[in-house]
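A look at the structure
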Amino acid sequence: MAAFIVRMGPLLVLWLAVFLSGTWAVDRGNFKTCDQSAFCKRQRALKPGQSPYRALLETLELTNTKLTLQLINDNNKVRLLLELYRLQGNMTRVKINELKPLKPRFEVPDVLINDPPTEPLSLLSQDENGVVLSLGADSQWLIVSAKPFRLDIMEGREVLLSLNSRGLLAFEHLRIRKDTQVDPEGAEKKEETDAANELAEGETAKEDGMWEETFKSHTDNKPNGPSSISLDFSLPGVEHVYGIPEHADSLKLKTTDGGDPYRLFNLDVFQYELFNPMALYGAIPVMLSHSAQRTMGIFWLNAAETWVDISSNTAGKTVFGQMLDYVQGSSETPQTDVRWISESGIIDVFIMLGPTPTDVFSQYASLTGTQAFPPLSALAYHQCRWNYNDQEDVAAVDKGFDEHDIPYDFIWLDIEHTDGKRYFTWDPHKFPQPKDMLQGLMDKRRKMVTIVDPHIKVDSSYKIHNEIRSKGFYVKNKDGGDYEGWCWPGNSGYPDFTNPEMRAWWASMFAYDQYEGSMENMYTWNDMNEPSVFNGPEVTMHKDALHGNWENRDLHNLYGLYVQMATAEGLIERSGGVERPFVLTRAFFAGSQRYGAVWTGDNTAEWEHLKISIPMCLSLGLVGVSFCGADVGGFFKSPSTELLVRWYQTGAYQPFFRAHAHLDTPRREPWLFGPENTALIREAVRQRYALLPYWYQLFYHAHHSGQPVMRPLWVEYPQDTATFSMDDQFLLGRDLLVHPVTEEGGRGVTAYLPGKGEVWFDVHTFQKHNGAQNLYIPVTISSIPVFQRGGSIIPRKARVRRSSSCMEHDPYTLFVALSPKRFAQGELYIDDGHTFNFDKQKQFIHRRLSFANKALSSRNLAPGSQFITPSWIEKIVILGASKPSKATLKTPDGKENLLEFEFDASMSVLTLRKPGVNAGVDWTVVLQ
C-alpha cells in the first residue's frame, strides 16, 4: 500500500508529503530505466554478432548425470564452466559460472523443491567443430558448436531453441579494482587475476557505474564490481511469448525494440501505469512460447535485478505485409529472440520442452512446486478496506452483509488496527477485545485477516523489535550495522528472512500465546514485502545491504517469497500442523505459489485497470500462481456505480475475490449504492458461492498437477491461432468460458467460442451456441457472459448462505452439458475444507461423473480415500437433452427409484428432481 499517512512522525509525514504530493499517477522519475541502470545499459550496448566465447572441446567430460565443458572468452581469456543436464520430464538445464571466480557467486536457494532428477546424456558424435548429444525420446538432439560457442536443441531436423545464436552471452567476471589491488598470494593466482583484469582498466575508463553508481540522491557501492550476466535465446517458428510477471500489460508480451526491456525487480510502485514494461511488486523469471506446433518454457533462475529484451522478425509488419508474404510465399520463418540480463549471480536456466501447454505446466511444477491448496473459505468473498476503524465498525459491516443478504467469508484489517504500526499488536483503544471480535465472527462461521508487514518499528519498548535486534536477525547495512529505513511506523528495521533461523523465529510469533488476541479463524496478509523502503533508492532496500554474506543485489527478488514462506509456516505450526494456512502476499518470486495467494497491488478505480486485471492474472497462472486477484473496485480513487458493479461481476470469476479500497476513498460496502446496485452485486457474489464446488475442484487439481485455474483459451485450444492474443476472456478449468463486461456503457460483447464441432451453453439462459465462432452478446447491467462447454459436468450448490462454511453440508446440483462430439464428464471433490487430512490421512471424496448412452453415473476415483459427507445430490440439470419417457436412479444396493423430471422443449433442458442420493456413493441415473 502506498498513500497518504496517518499517525506518523512529523519528519516522515513531511518527506512523504513531498514524495506523494499532488499526484495520483506513478512518478516514473523514482524508478530506473535501462539507461539509468549501469549494467543494463552496458549489456544492452552489446549488439548481436559473433560471440567471443569458444568451447574448449578438449575439456569435455561426460558422466551419467551431466556434461561439463569449459568456455573461454577470446577477448580477455577468462574461462567459464558450462554444465549441461538432461532432466526427467523433457527438460534441459544449462548452468554457466566462472571457472575460478575470485569469490563464490550467488546461486538461488529454496526455490527448487528438490535437486531435479537427471537422465543420462549420450554422446552421438564429436569433431573439432562441436559435439552432438542425444536427449532421449522423440529424436531430440543437443548440438554444442565450438566456435563461436552455441547450443541448439533440435527435434529431428527442426531447431526448437538456440542459445547464444546471436552472440549475446556476456559474463562479467569478478575482478579486483585496479586502484585498490593487492597482489594475491601465489604466482599462479596472480597470473589468473592479471588475466581476469586485463579489460578492467579500459572498461573503467570508458564506463561509469561499474564500481559505484548514483541514482537520484542514492549511491550504490559495488564492492564486487561489475558482475552482470546475459544470454540470448532464439525461438524459430514462434511469434507469441507470455509470462515474466509482474507487469501491467497485455497477455502476449510485446517486442522491446526501441524501448525499455521488461524489468523484473520487486518494487513498491505507487499507482502503476498500464502497458509499459516497468517493474512491479513481483518477479517470476519464466517465459512461455507458444505456436500451433509446440509450447515451451524458459525458467531463468536468478533473483537479482533482471531485464528481458524481446525481438521478433515479424513484429511491425502490417497486416498487408503479412498477406503479401503469404501470397508471395515468403520463406522467412517467424522467430522470436529473447535476451535475459541480470545484475549478478550465475546463468542457471531450465528449458522446458513441452510439447503441450499441459506438459510445460507439469515441468515447471516439478521444479518449483504447485499452488498451495487453500482452505475452501479462502475461495469465497473477502471484504477489506484501509481501514475498518474499530471493533464496532467491524461488527456493523458484518451485520450489514446479513441485513442485505450478501454472503462473505473474510473481513480484513489493514495497518491501522495495530498499536502504532507495531505488527502482532492491537490498538488498545480501537480493538481492546480482539478475541471477542473474532469470536463474534466465528459464531457466524466467518473469519478475519490481519496485516503483518516485514518492516519493524525501531522502538525499545516493542518486544518484536527487541528480540530481532538481540538475535542479530536484522538485515545489515554495508558497514555491518542494522539496516534501517522509513516505512509506515517511521524508522524501521527489516528482518533478514533469508536466514532460516529468522524465519523459524518469525513463524513462532504466530503461536496463539505469542500473537495475543489471535484465534484459529484469523489469517495473515503480508504487504510491503518487496521490501518497501520509503526513503530508499526506487522506494526499496539499498542493493549493498547485507543478508548474511550476500548483498541485497544478489537476492532482492527473493525477499517477498521468504516473508510469505515464514508466515505460512507460522500459521501451520500454530495448529500443530493440522490446518491449511491462508497468506496473501504482494511481492513474489518463482515458487511463491507454494505459500498462498497474490494480488495485483495498488490498482485504480478506472475501466482500464479492470480490463488489465485479466491478463495480469492469466500471466501469473501460466507460471504457477493460480491464486490471483485484483482489488475489486480499484484501490485508488472512487469507482462509478457502473464500474463497481462490473468489477464485482468480473472478480466473482477470478480466483482471489476481494474488495479493497484506499483510506481516503468514500466507503463502498456493497449496499451503499442504492438497492438496484446492491441487488446486482449480491447476485454476482451469490454466483461465486454457488460455483464454489467447481472452484475447489480446480484448486485441488492445481495443487496436484500445476495446471492453472484461470487460463487463456490457447491452453485448451493450442492450435487455434485466433486465441493466441486473446486476453479479454478466459477459461476456468476446461469447462467454463468467461467474457466479463469491461467497457463503460457496454451494450454488448463479442465472445469467441472456440472449438470446431464444440457447443457452448449460456449458463444463465441455457441457450446453446456452436463453437468456432465470434458470438455477439447483447448485455445489460446485470449480464455476466459465462458459457459451459458441451461435454462437461459441473457441480454447484444452489443454497447460498451467509458464508461458505455454512454451506458445507448442503446438497449439490449437477449441470450436465451434452455435446455431439463427446461423452460428458466432470468431477466432484469433497473434503473437510480446511485441514491437511486430505493429504496426510487421505480423507476426501473424489468422484468421476459421466454421461454416456443416456446414463449419468458417479464412480469413485480414489478407492483408498476415507471420508463421509452428509451432502447429497439435490437436482440434475441436463442441457441439450431430449425428453425421456422415464428416469430411473440405481444405487449399489440394487434399489431402483423413478425420478420426477421436467422437460423444457424450447431450450432442450431436462431437470431431474430430488435424486436424494449421497454425494459420496456410486449411483447411476438411466434415461429411457
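Residues numbered from 1 in each chain as written. Predicted model: local features only at pLDDT ≥ 70, side-chain atom pairs only at ≥ 80, totals over all residues. Heavy atoms only, no water.

Quick look at the overall build of the protein chain
Keep this limit in mind: Strands here mean DSSP runs of E at least two residues long; helices mean DSSP runs of H or I at least four residues long; both are numbered from the N terminus. As defined in this context, the radius of gyration uses C-alpha atoms, and a globule is described by 2.2 Å times the residue total to the power 0.38. In what follows, a contact means two residues having at least one pair of non-hydrogen atoms within 4.5 Å. All accessibility values rest on the Shrake-Rupley procedure with a 1.4 Å probe; residue burial counts only the protein chains present in the view.
Helix and strand counts for the protein chain come out as 18 helices and 53 strands. Computed over C-alpha atoms, the radius of gyration of the protein chain comes to 29 Å, within 12% of the 30 Å expected from 2.2 N^0.38 for 928 residues, which places it in the range of a compact globule. In terms of overall dimensions, the protein chain has a C-alpha envelope of 95 × 70 × 55 Å along the principal axes. Of the contacts made within the protein chain by residues no fewer than 6 positions apart, 72% connect residues no fewer than 24 positions apart. Approximately 33400 Å² of the protein chain is accessible, and the part contributed by carbon and sulfur atoms is 50%.

Some thoughts on the sheet that holds strand 24 (residues 447-451)
Note the following rule: Pairs of strands are assigned from DSSP output, requiring at least two bridges between the strands. Working convention: axes come from line fits to C-alpha atoms, limited for helices to the stretch in contact. Angles between N-to-C directions cover 0 to 180 degrees.
Reading across from one edge, 33-32-31-28-24-23-22-34 is the order of the eight strands in this open sheet, with parallel pairing throughout. Each of the sheet's edge strands pairs with one partner strand only, and the pair in question is strand 33 (628-629) and strand 34 (657-659). Two elements, strand 24 and strand 28 (residues 522-526), share four bridges in a ladder whose sense is parallel. Among the inter-strand pairings, I451 is bridged to a residue of strand 28, identified as W525. This element, helix 8 (residues 434-443), spans strand 23 (410-413), strand 24 and strand 28 of the sheet and lies at about 140 degrees to strand 24. Helix 12 (residues 559-574) contacts strand 28, strand 31 (583-585) and strand 32 (597-599) of the sheet and is inclined by roughly 170 degrees relative to strand 28.

Section: the confidence of the model for the protein chain
Low-confidence regions, as indicated by low pLDDT, have predicted coordinates that should not be scrutinised in detail. Stated formally: Within a predicted model, pLDDT stands for the predictor's per-residue confidence, ranging from 0 to 100.
For the protein chain, mean pLDDT is 93; residues scoring 70 or higher make up 92% of the total. Low pLDDT, under 50, characterises residues 182-206; the stretch is placed with 30 contacts to residues that sit more than four places away or in other chains. This model gives residues 317-328 a pLDDT under 50, and the stretch forms five contacts once residues within four places in sequence are excluded.

Points about the pattern of salt bridges
Going by this rule: The term salt bridge refers to a pairing of a side-chain nitrogen on Lys or Arg with a carboxyl oxygen on Asp or Glu at a separation within 4 Å. Here's how the labels work: a residue is buried when its accessible area is under 20% of the maximum for its type, exposed when over 50%, partly exposed in between, all with a 1.4 Å probe on protein chains only.
Tallying each qualifying case throughout the model produces 56 salt bridges. The residue R446 makes a salt bridge to D398 at a minimum N-O spacing of 2.8 Å. Taken as a pair, R446 in the loop between helix 8 and strand 24 and D398 in helix 7 (residues 391-403) lie far apart in primary sequence, 48 residues in all. Exposure remark for R446: the relative accessible area of 1% places this residue in the buried category. Through salt bridges with shared partners, one network takes in D220, R263, E305, E343, E538, K543, E551 and R553.

Some words on the packing of aromatic side chains
As a reminder of what qualifies: Pairing of aromatic rings covers Phe, Tyr and the six-membered ring of Trp, with a centre-to-centre limit of 6.5 Å; geometry is then stacked below 30 degrees between planes, edge-to-face above 60, and tilted otherwise.
Taken as a whole and assessed by the stated rule, the structure comprises 46 aromatic pairs. With a centroid separation of 4.8 Å and an interplanar angle of 25 degrees, the aromatic rings of F373 and Y696 are classed as stacked. Placement of F373 in the loop between helix 6 (357-368) and strand 22 (381-383) and of Y696 in helix 16 (residues 692-705) is noted, with a sequence separation of 323 residues between them. Here F373 and Y696 have matching classes, each one buried. Taken together, a centroid distance of 6.3 Å and an interplanar angle of 65 degrees make the contact between W506 and F510 edge-to-face.

Things to note about the environment of P778
By the element assignment, P778 lies in strand 41 (residues 773-778). For P778, a relative accessible area of 60% puts it in the exposed group. With sequence-adjacent residues up to four places away left out, P778 is seen in contact with R747, G748 and S783.

Points about the sheet that holds strand 43 (residues 792-796)
Pairing within the open sheet is mixed, and its 11 strands lie in the order 50-49-53-47-46-45-43-44-48-52-51. Edge positions in the sheet fall to strand 50 (896-898) and strand 51 (900-904), since each of these pairs with one other strand and no more. Between one strand axis and the next, the sheet turns by 20 degrees as a mean value, whatever way the strands run. Bridge analysis of strand 46 (residues 845-852) against strand 47 (residues 855-860) gives six bridges, and the strand direction is antiparallel. Across the sheet, residue R848 finds its bridge partner in strand 47, namely R859. Here helix 16 sits on the sheet and contacts strand 43, strand 44 (812-817), strand 45 (824-830) and strand 46; the angle it forms with strand 45, its principal contact strand, is near 85 degrees.

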